[in-house]
Amino acid sequence: QVQLVESGGGLVQPGGSLRLSCVASEFTLDYYAIGWFRQVPGKEREGVSCISSADDSTYYAESAKGRFTISRDRPKNTVYLHMNSLKPEDTAVYYCAAGRFGLRVDLFGSWGQGTQVTVSS
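The sections below set out a description of the structure shown in this document. For every chain, the first residue of its written sequence is number 1, and the numbers climb from 1 along that sequence. For a predicted model such as this one, the threshold for reporting local features is a pLDDT of at least 70, and the threshold for listing and counting side-chain atom pairs is 80 or more; totals across whole chains, interfaces and linings nevertheless cover every residue. The side-chain values count all of the structure's non-hydrogen atoms but skip hydrogen atoms and water molecules.

**Points about the overall build of the protein chain**
Next up, step 1: Helix numbers and strand numbers start at the N terminus; a helix is a DSSP run of H or I with at least 4 residues, a strand a run of E with at least 2. Within the protein chain, the regular secondary structure consists of zero helices and 11 strands.
Next up, step 2: Helices and strands appear in the protein chain in the N-to-C order β-β-β-β-β-β-β-β-β-β-β.
Next up, step 3: Each radius of gyration is computed over the set of C-alpha atoms, and the globule rule expresses the reference value as 2.2 Å times the number of residues to the power 0.38. For the protein chain, the C-alpha radius of gyration of 13 Å lies close to 14 Å, the compact-globule estimate for 121 residues.
Next up, step 4: Along the first, second and third principal axes, the C-alpha atoms of the protein chain reach 40 × 30 × 25 Å.
Next up, step 5: A simple rule labels every residue: compare its accessible area, found with a 1.4 Å probe on the protein chains alone, to the largest value its type can have, and call it buried under 20%, exposed over 50%, or partly exposed in between. Counting only residues that meet the buried cut, the protein chain has 45% of its 121 residues in that class.
Next up, step 6: Any two residues whose heavy atoms approach within 4.5 Å are treated as being in contact. At a minimum sequence separation of 6, the contacts of the protein chain that also span at least 24 residues come to 56%.
Next up, step 7: Method for areas: the Shrake-Rupley scheme with a 1.4 Å probe, in which residue coverage is limited to the protein chains shown. By element, 48% of the accessible surface of the protein chain is carried by carbon and sulfur atoms, the whole surface being about 6200 Å².

Given below as C-alpha cells:
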C-alpha cells in the first residue's frame, strides 16, 4: 500500500494562496492517478482535483475550476495542489490519494493523513 504524506496547509486570509504537497517516500507516484479531496466535519469527503498517471491529464471539480491547479513533479515524486483566490468555504482537511483517474472516493485505495486548510480573516 502506498503511504502518502500531505503538507502545506495552514491559516490564510480570503483571497490568499496555498500550495499543498503530496509525497510518497517509498513508492513512486508515477504509476498512479493522484487525487486531492477535502472534508469538513459532518460532510462527505469530496473530490477537488486529480491528475492522471499516463499523461498528466487533469480534472477539477466545479468549485476548483479557475482557482486551483494540480501538478506533478516526477523527479521529486510529488504532486501539488496550488490554491488561489481562497474562500472561507474552502476550509477543510485536504487529503491526497493514489488510485485511478476520477473524483470518486472509491477510485482511490491509498490515502494520506490530511492537512488542515483554514481560510479566515
